[in-house]
Amino acid sequence: MGAVLVDGAQPSDWMDEAMEQRIRKLFRRLNWFMPLLRPTGLTPRMNAEQMANVNIELGWLARKRELGPVLDGITVPTRYVLASGASFGSRRDGDGQERIRADVDPVAARNPNIKISAKVAGNHGAILKKDFRAVAAAVREVTALDRAGR
């Protein structure tokens, strides 16, 4: 048994009230285009408000004080596959996403079961499409560790 975390579960304190409002504003703007994008698979079958709420809830749950203890308690081989590109809707400040991803390093240092398997060139919206080989390699690594531990 093990886990592969694909550019997610990154404990970081990026969410605040201003960010919450920015997310709501972004999804309100996208609401006009989402029905057109839905058949392409670029947006889920949710309305803009639902998508905003999911992203906001994720931001609050990903805070270090919330997610950190969960990650510290992991007892099975766990590998991260991290993206390096900016996410959709993020500011193009050059390092916002990288600061969030860098918060995985202390988690991996504290818990010997957690390691970063790969850092790929794409962003998290396309990681499974473009960087599936890195994800598959992480799955194989976890599977091999599980077999060795039996």
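Quick caveat: nothing in here was measured; it's all calculated off a predicted structure.

Definitions and limits used
- Residues numbered from 1 in each chain as written.
- Predicted model: local features only at pLDDT ≥ 70, side-chain atom pairs only at ≥ 80, totals over all residues.
- Heavy atoms only, no water.
- Helix = DSSP H or I, 4+ residues; strand = E, 2+ residues; numbered from the N terminus.
- Buried < 20%, exposed > 50% of the residue type's maximum accessible area, 1.4 Å probe, protein only.
- Contact = heavy atoms within 4.5 Å.
- Areas by Shrake-Rupley, 256 points an atom, 1.4 Å probe, with all protein chains shown as cover.
- Lys, Arg positive; Asp, Glu negative; His and termini not counted.
- Charge placed at Lys NZ, Arg CZ, Asp CG, Glu CD.
- Expected span 1.5 Å × (residues − 1).
- Arc of directions from axis to C-beta.
- Polar contact = N/O pair within 3.5 Å; in protein donor to acceptor, adjacent residues only side chain to side chain.
- Core = buried A, V, L, I, M, F, W, Y, C linked by side-chain atoms within 4.5 Å.
- Salt bridge = Lys/Arg side-chain N within 4 Å of Asp/Glu carboxyl O.

Asker: What's the story with the overall build of the chain in this structure? I'm lost.
Answerer: When helices and strands are counted, the chain shows eight helices and three strands. When its C-alpha atoms are laid out on the principal axes, the chain stretches across 50 × 35 × 25 Å. Counting every position in the chain, which comprises 150 residues, the buried fraction comes to 35%. Residue pairs at least 24 apart in sequence account for 75% of intrachain contacts in the chain once pairs closer than 6 positions are excluded. As displayed, the chain offers around 9,500 Å² of accessible surface, 57% of which is attributable to carbon and sulfur atoms. Taking the average place of the 24 positive charges on the side chains of the chain and the average place of its 17 negative ones, the gap between the two points comes to 7 Å.

Asker: Would you mind showing me how to read helix 8 (residues 132–149) here?
Answerer: Count 3.6 residues to each turn of an α-helix, and residues three or four apart come out pointing the same way. The terminal C-alpha atoms of helix 8, which comprises 18 residues, lie 26 Å apart, in line with the 26 Å expected from a rise of 1.5 Å per residue. Taken as a whole, helix 8 has its buried residues at Ala134, Val135, Ala138, Val142 and Asp146. One side of helix 8 holds all its buried residues, which, seen down the axis, span an arc of 120°. Opposite the buried face of helix 8, by more than 90 degrees, sit the exposed residues Arg133, Arg140, Arg147 and Ala148. Packing partners of the buried residues in helix 8 comprise strand 1 (3–6), strand 2 (78–82), strand 3 (114–119) and helix 7 (127–130).

Asker: Which parts of the structure should I look at to understand the side chain of Arg79?
Answerer: Positionally, Arg79 belongs in strand 2. Of the polar contacts made by the side chain of Arg79, one reaches the backbone oxygen of Asn113; its length is 3.1 Å. A polar contact of 2.8 Å, which involves the side chain of Arg79, links it to the side chain of Glu141. Each residue touching Arg79, except ones within four places of it in the same chain, is listed here: Ala3, Val4, Leu5, Asn113, Ile114, Lys115, Ser117, Ala138, Glu141, Val142 and Leu145.

Asker: Explain the nonpolar core here, please?
Answerer: Considering soluble globular proteins, one finds that nonpolar side chains tend to be buried as a cluster. Grouped together as the largest cluster of nonpolar side chains are ten residues: Leu5, Ala62, Leu67, Leu71, Ile74, Tyr80, Leu82, Val104, Val107 and Ile114. Broken down by secondary-structure element, the contributors of at least two residues to this core are helix 4 (64–72), strand 2 and helix 6 (104–110). If near-sequence neighbours (up to four positions away) are discounted, Tyr80 is found in contact with Leu5, Gly8, Ala9, Gln10, Leu71, Val104, Ile114, Lys115, Ile116, Ser117 and Ala118.

Asker: Teacher, can you tell me more about the pattern of salt bridges here?
Answerer: Scanning the model with the defined rule gives nine salt bridges in all. Between Glu20 and Arg24 there is a salt bridge; the shortest N-O distance is 3.4 Å. On the criterion of helical spacing, the pair formed by Glu20 and Arg24 is a turn pair, its members being four residues apart in helix 1 (residues 17–30). Residue Glu141 pairs with Arg79 through a salt bridge whose shortest N-O separation is 2.8 Å. Here Glu141 is found in helix 8, whereas its partner Arg79 is found in strand 2, with 62 residues between them in sequence.

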